[in-house]
Amino acid sequence: MNDTGAVLPWLVIRQDEGGNRYRVGRYATRAEAERVADRLDTRGRRQLYVVERVGRATT
């Protein structure tokens, strides 16, 4: 945990047709983030919702 409270390493990102990406929300677990992304995806709009983890070292 850090000074700001709970750690929320999982993001839901919305990507539109133009390739623009927007953070929808941050979540504590991957399962929670995937549930949100799936729920948003069922709305039938032509946007892509993806789940990504932040704060991982890429070495």
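Just so it is clear, the model here is predicted, and its values are computed rather than measured.

Locating G18 in the fold gives a position in the loop between β1 (10-15) and β2 (21-27). Since its relative accessible area comes to 64%, G18 is described here as exposed. A C-alpha to C-alpha distance of 9.7 Å links G18 and Q47, two positions 29 residues apart in sequence.

The subject of this paragraph is the pattern of salt bridges. Inspection of the entire model under this criterion finds two salt bridges. One salt bridge connects R30 with E34, and the closest N-O pair in it is separated by 2.7 Å. Residue R30 and its partner E34 are located together in helix α1 (residues 30-41), separated by four residues, close to a single helical turn.

Below, the discussion takes up the environment of Q47. Turning to its location among the elements, Q47 is positioned in the loop between α1 and β3 (48-53). Relative accessible area serves as the criterion here: at 22%, Q47 is assigned to the partly exposed category. For Q47 and E17, which are 30 residues apart along the polypeptide, the C-alpha to C-alpha distance reads 6.5 Å. Q47 has contacts with R14, Q15, D16 and D41, leaving out every residue within four places of it along the chain. At 3.1 Å, the side chain of Q47 and the side chain of Y49 are in polar contact.

Definitions and cut-offs
- Residues numbered from 1 in each chain as written.
- Predicted model: local features only at pLDDT ≥ 70, side-chain atom pairs only at ≥ 80, totals over all residues.
- Heavy atoms only, no water.
- Helix = DSSP H or I, 4+ residues; strand = E, 2+ residues; numbered from the N terminus.
- Buried < 20%, exposed > 50% of the residue type's maximum accessible area, 1.4 Å probe, protein only.
- Salt bridge = Lys/Arg side-chain N within 4 Å of Asp/Glu carboxyl O.
- Contact = heavy atoms within 4.5 Å.
- Polar contact = N/O pair within 3.5 Å; in protein donor to acceptor, adjacent residues only side chain to side chain.

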